[in-house]
Amino acid sequence: MRLVVLLICGMAVATAVRAQEFSTTTALFGDLQARQIGPATMSGRVSCLAVDPTDANTVYVGAGGGGVWRTTDGGNSVQPVFDNYSQSIGAIALAPSNSKVIYVGTGEPWVRNSVSVGTGVYRSTDGGNRWQSLGLDSTERISGIVVHPKDEDVVYVAALGPLWSDGSQRGVFKTTNGGQTWERILYLDESAGAASISMDPERPDVLFAGMWSHRRTPYGFDSGYRGNSGLYRTTDGGKNWTQLSEGLPHETLGRIGVAVAPSNGQVVYAAVETGTKQTKGMYRSADGGESWSLIDKSFNSQVRPFYFASLAVDPSNDSIVAKCGLTAIISETAGRLWRDFLGHVHSDYHAIWFDPADGKHLLVGTDGGVYESRDRGRSFRMWNNLPISQFYHVSVDNAAPYRVYGGLQDNGTWYGPSQSTGGITNADWSVTMGGDGFYSFRHPTKPHLVFSEAQGGALTRWDERTGRSKSITPYRDANTDELRYNWSAPIHLSADGERLYFASQYLYRSADEGDSWQRISPDLTTNDTAYQKQYASGGLSIDNSGAENYTTIYAVAESPLDAQTVWVGTDDGNLQLTRDGGQSWQLVTPTGADLPPGAWVTFVDPSPHDPATALVTLDAHRTGDQTPYLYRTTDGGESWTRLMDESISGYALSVRQDPVNPDLLYLGTEFGLYLSLDGGVSWAPFRNGVPLVGIRDMVIHPREADLVLATHGRGIIILDDLEALRQLTPDIMGNSITFLRPDTTYFYDGSGGGTGQLSGSGHFVGPNPSPDARILYYADKRHTFGKMYVEVYRDTQLIRTLQAGKSAGLNSVSLPITQEKPKSPPTDNSMARYGTMEGPSIQAGTYRVMLTKGKDTYETTFTVAPHPESPYSAADREVQRELLLKLYDDVEQVAYLHEVLERVAVQADTLGEEALLDRARKLQAELVFSGGDGYVNEGEQLGESVTQLYGAVAGFPGRPSASQVAEAERLRGEVAGVEGKVEQLLQDVRVLNEGLSAERRIVYPEKESFLSAK
């Protein structure tokens, strides 16, 4: 454990009244912080891009599930600027007249079945630092925003609208007052939304909009839906609209993407979906939309129109146009000839930007992140610092440090460390399987084996020793129907590794790592054939990717207390339970007026405290209901209690009960993490380092007590050490100050160095957990008046005074488990300077903490120790520490002697005492090397020798070598020798001072005062 949590010793005892008033609030979580560890090596889906028209280095990236990111240096560094709002981004637009004014439309428009939802339109007037909600919060998905070129307050929004249901807040909206009010200016019906919008910048009252009738269901997708899609144009700022038809297909239309050439408003391009290959493709108008001609119907002009409909035209050349697709395509001849983008770019393009100042400079956004080209798409470099990966599931192993496993949307299955030397980099992650990644588990007793899965039920067992994978997917037999695997078919591995489960509509179990399978259930779904239409899914464009497979098993969980008890949840609303290892099954779905029938069972968490208790989340957003549904049973599904309150938003995706404190619950929704401290009676959002991102899965590490979150847009997030949360109970609520129960802080034995990679800017590094001891305490209210500080003692010796946290709720005070670095002498030897970059570790043992709050004091203790699995014994550590402390004193003694000599030399020079000045300078020259350039090692004196030996001993936490011990003794003798020479000089100084007036006497600091000024 890395977190110090300390002994309960508050002044007062909680009263029964306070216990009854106990409620979970965000304030209780205080300053506990989660950390986002990435990865960025495979990044994630980018839905849109916006670039400052006055500065191409300032770019805003909109992610499908990972929020808005800003760079001001062309991608060398990026930072999120939208964490407090919906992380699903549909459109970003900068006002051409004032690029500090930014509009963001939330809700991704590339409407695959796993797409998230938005909460409307937002505006920033300071380049993205602060945001204001502008409403339109029922649009759910926004496909485009355009801003008047001369008036930042005139804005048009293309609202795609709800995906899974009817909705009237869709179509094209306009504001003339910066979003204070909106007018719906183009509307067809409750199923047709605006899929694209484009403005003629020279004639800003001329706009084109592609209107799209579409509907997704849990079991399919229908592009074209009610048959009233179409391309529309206005020439009066939206007062009147005309449906365009001349030269366009006269048949049912689907999604339409449209783009006006910025340099010539008469040239307009449109990607048009129809139900026939002869008419589907890219169209061009040379007369402002009056007439159209088909210019391309190649694969990437026709493929998956619902997913690939974005167009871009070079702002300086109306003949150069690019279209997104599985691979993006570009024409430099007004559509007569086309070529693919090249350069090892991740497939599935969604956004393309041309630099107005240089048409060869492009940015593209794909399912794998952002790429940049300087040669118009013939080669690209990836921005390797965008941690917007979209995890479906997560697991952990018991390595030290433990590793994290999971699968990513369109990016395979991976694993990486929870901490690494210098931070967690892209190079720390390894892939075990390609495709769309879902579940992944490492075998607990055969750690060379990793089970991973891709779409369509593709289950493999990867052997790390050989790097080879074996397919272990179970197949149907004569007694089973054709197998229906969910897009994310569930794997479950028992804690002991003895049982591996996998599911289609049937549950399978293997006792030999997947080499053979036993079917242990009948069809556990409704098996309603009316919903088994995946082969016809897509509407105008058939799109059977496997994502629409329905009436399948989605969740499997074995009780950690009883291997015979297994829970199974399906996507069509069934929750099934066996208590005899699959011999018999019982339908135990929660019922009630508040739960819509057929709600998707997204997660089952069998209690680690009671085999009859389980938590289950259900999700009905695929029928238009975004209500979160969370239930608990304590009697094996005979009865259920709904656990909800008004603080929870976003449909429910995952849940865990804490294995230590049964009243501590963790809930993941589409809008982030929620905690309950009272068994689900009350809830509060946890926002410290956790954005409003979908949390598809979570796991609690049994040894480290870390909560590991699989987010669908912000990679892996870890909330280190849950002991503090486990102790937030009603019993502490009546106390002014309550320290939390003690836990041991272990010395960190990892290297303090960097990653060893010198790869320049643009690379992501995820933070490690803090090696500091942290003193945590609960305060019943904020401290506002009087002194408040923390003192840490070793026996009776004060070793550190720390600033106290003064907030209500949990407060964290960090105590470095190393002493302050030694005060070292100046030197022009660079290697010597690096030797004293850190102080010695504090001594292992028990420490006393005293918190002073006004006139009151509170005390507790904590312990620091070597990790039980450390290869360095306590005895060896103590030998290292004792030697290091001696060298520490020697380093500071050399620094002090040098300072004394410097003071003497300067004052002797002023007095004209040349002999004394010469003696002081010669002694200084014995102590340190000077005269070099601070880089090349041109010389070494006593000070450099001591500091470099200090650094060598400090860099290894075990027993020093015999030669290091001997060298330390030799150097100590030399330090003593110089100390004697300095003392002789100071005796002469004292004699000289006797003949001088008080104001002319040579003065020099006492050692204690010199060292206290670190």
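Residues numbered from 1 in each chain as written. Predicted model: local features only at pLDDT ≥ 70, side-chain atom pairs only at ≥ 80, totals over all residues. Heavy atoms only, no water.

Student: Go over the sheet that holds strand β63 (residues 773-779) with me, naming the residues and quoting the values.
Tutor: Adjacent strands of a sheet form backbone hydrogen bonds with each other and so pair up, either parallel or antiparallel. With antiparallel pairing, the three strands of this open sheet are ordered in space as β60-β63-β66. Each edge of the open sheet carries a strand with a single partner, namely β60 (737-739) and β66 (809-815). Neighbouring strand axes in the sheet, compared pairwise and without regard to direction, differ in orientation by 30° on average. In this structure, β63 lies alongside β66, joined through seven bridges in antiparallel fashion. By the bridge assignment for β66, alanine 773 is matched with leucine 815. (Pairing = 2+ DSSP bridges. Helix = DSSP H or I, 4+ residues; strand = E, 2+ residues; numbered from the N terminus. Axes fitted to C-alpha atoms, helices over the stretch in contact; angles between N-to-C directions.)

Student: Please provide a residue-by-residue account of the packing of helix α5 (residues 874-911) against helix α6 (residues 914-927), values included.
Tutor: For the pair α5 and α6, interaxial distance at closest approach is 8 Å and the crossing angle is 155°. Between α5 and α6, the angle falls in the class roughly antiparallel. Relative to α6, α5 is oriented so that their crossing is left-handed. Residue-level contacts link Val894, Leu897, His898, Leu901, Glu902, Val904, Ala905, Val906, Ala908 and Asp909 of α5 to Leu916, Leu917, Ala920, Arg921, Leu923, Gln924 and Leu927 of α6. Its residues assigned to classes, the contact of α5 with α6 comprises 12 nonpolar, two polar and three charged. (Parallel < 35°, antiparallel > 145°, perpendicular 65-115°, else oblique. Left-handed = near helix turned anticlockwise from the far one by under 90°. Contact = heavy atoms within 4.5 Å. Nonpolar A, V, L, I, M, F, W, Y, C, P; charged D, E, K, R; others polar.)

Student: Outline the packing of aromatic side chains, supporting the account with residue identities and numerical values.
Tutor: Summed over all chains, the structure comprises 29 aromatic pairs. Relative to phenylalanine 380, the ring of phenylalanine 341 lies with its centre 5.7 Å away and its plane at 45°, an arrangement referred to as tilted. Remark: phenylalanine 380 occurs in the loop between β29 (369-373) and β30 (381-382) and phenylalanine 341 occurs in the loop between β26 (339-340) and β27 (349-355); sequence separation between them is 39 residues. Of the two residues examined, phenylalanine 341 and phenylalanine 380, each falls in the buried class. Ring plane angle 50° and centroid distance 6.3 Å describe the contact between tyrosine 888 and tyrosine 950, whose orientation is recorded as tilted. In this pair, tyrosine 888 is assigned in helix α5 and tyrosine 950 in helix α7 (residues 942-954), connecting sequence segments 62 residues apart. Pair check on accessibility: tyrosine 888 and tyrosine 950 agree, each one buried. Taken together, the ring pairs in this structure connect Trp212, Phe221, Phe306, Tyr307 and Phe308 into an aromatic cluster. (Phe/Tyr/Trp six-rings, centres within 6.5 Å; stacked < 30°, edge-to-face > 60°. Buried < 20%, exposed > 50% of the residue type's maximum accessible area, 1.4 Å probe, protein only.)

Student: An account of the environment of glycine 416 is needed here, citing residue identities and associated values.
Tutor: In this fold, glycine 416 is placed in strand β33 (residues 412-417). Between the alpha carbons of glycine 416 and aspartate 137 there is a distance of 38 Å; along the sequence they are 279 residues apart. Glycine 416 has contacts with Arg403, Val404, Asp428 and Trp429, leaving out every residue within four places of it along the chain.

Student: Can you tell me about the confidence of the model for the chain, naming the residues and giving the values?
Tutor: The pLDDT averaged across the chain works out to 93; a share of 95% of its residues lies at or above 70. Here residues 1-20 is modelled with pLDDT under 50, and outside its nearest four sequence neighbours on either side it reaches 85 contacts, counting other chains as well. (pLDDT = per-residue confidence, 0-100.)

Student: So, the pairing of strand β68 (residues 856-865): which residues are in play, and what are the values?
Tutor: As defined by bridge partners, strand β61 (residues 744-746) adjoins β68 across three bridges and the pair is classed as parallel. In the sheet register, threonine 744 faces β68, and the bridge partner there is threonine 863. Taken together, the nine bridges between strand β67 (residues 845-853) and β68 define a ladder with antiparallel strand orientation. Paired with leucine 851 across the two strands is tyrosine 858, which belongs to β68. Counted between consecutive antiparallel strands, the loop separating β67 from β68 contains two residues, among which glycine 854 sits at a positive phi close to 65°.

Student: Please set out unusual backbone geometry residue by residue, giving values where relevant.
Tutor: Looking along the chain, the bond that leaves glycine 38 and enters proline 39 is cis, with omega of 10°. You can see proline 39 is positioned in the loop between β1 (35-38) and β2 (46-52). Backbone geometry places glutamate 513, a non-glycine residue, at a positive phi of 60°. Inspection of the secondary structure assignment puts glutamate 513 in the loop between β42 (507-510) and β43 (518-519). Since its relative accessible area comes to 16%, glutamate 513 is described here as buried. One non-glycine residue with positive phi stands out, namely threonine 551, at about 55°. Counting through the fold element by element, threonine 551 comes out in the loop between β44 (538-539) and β45 (553-558).

Student: Please provide a residue-by-residue account of the sheet that holds β27, values included.
Tutor: The sheet built from four strands is open, its strands ordered β27-β28-β29-β30 with antiparallel pairing. Both outer strands of the open sheet, β27 and β30, are each paired with one neighbouring strand and no more. Where β27 lies against strand β28 (residues 358-366), six bridges are found, and the strand directions are antiparallel. What sits directly across from phenylalanine 354, in β28, is leucine 362.

Student: Give a description of the pattern of salt bridges that names residues and reports values.
Tutor: The full count for this structure, using the stated rule, is 45 salt bridges. One salt bridge connects glutamate 332 with arginine 339, and the closest N-O pair in it is separated by 3.2 Å. The exposure class of glutamate 332 is partly exposed, given its relative accessible area of 32%. Counted as one network, the salt bridges with shared partners bring together Glu332, Arg339, Arg376 and Arg378. (Salt bridge = Lys/Arg side-chain N within 4 Å of Asp/Glu carboxyl O.)

Student: Can you explain the nonpolar core? Please cite residues and give values.
Tutor: Membership of the largest hydrophobic core comes to 39 residues, with the highest contact counts inside it found for Val904, Leu927, Val982 and Leu985. Per-element accounting of this core gives the leading share, 15 residues, to α5. Look past the residues within four positions of valine 904 in its chain and what remains in contact with it is Leu916, Ala920, Leu985, Leu986, Val989 and Ile1002. Counting residues in hydrophobic clusters, the runner-up holds 30 residues, among them Leu664, Phe686, Ile717 and Leu725. (Core = buried A, V, L, I, M, F, W, Y, C linked by side-chain atoms within 4.5 Å.)

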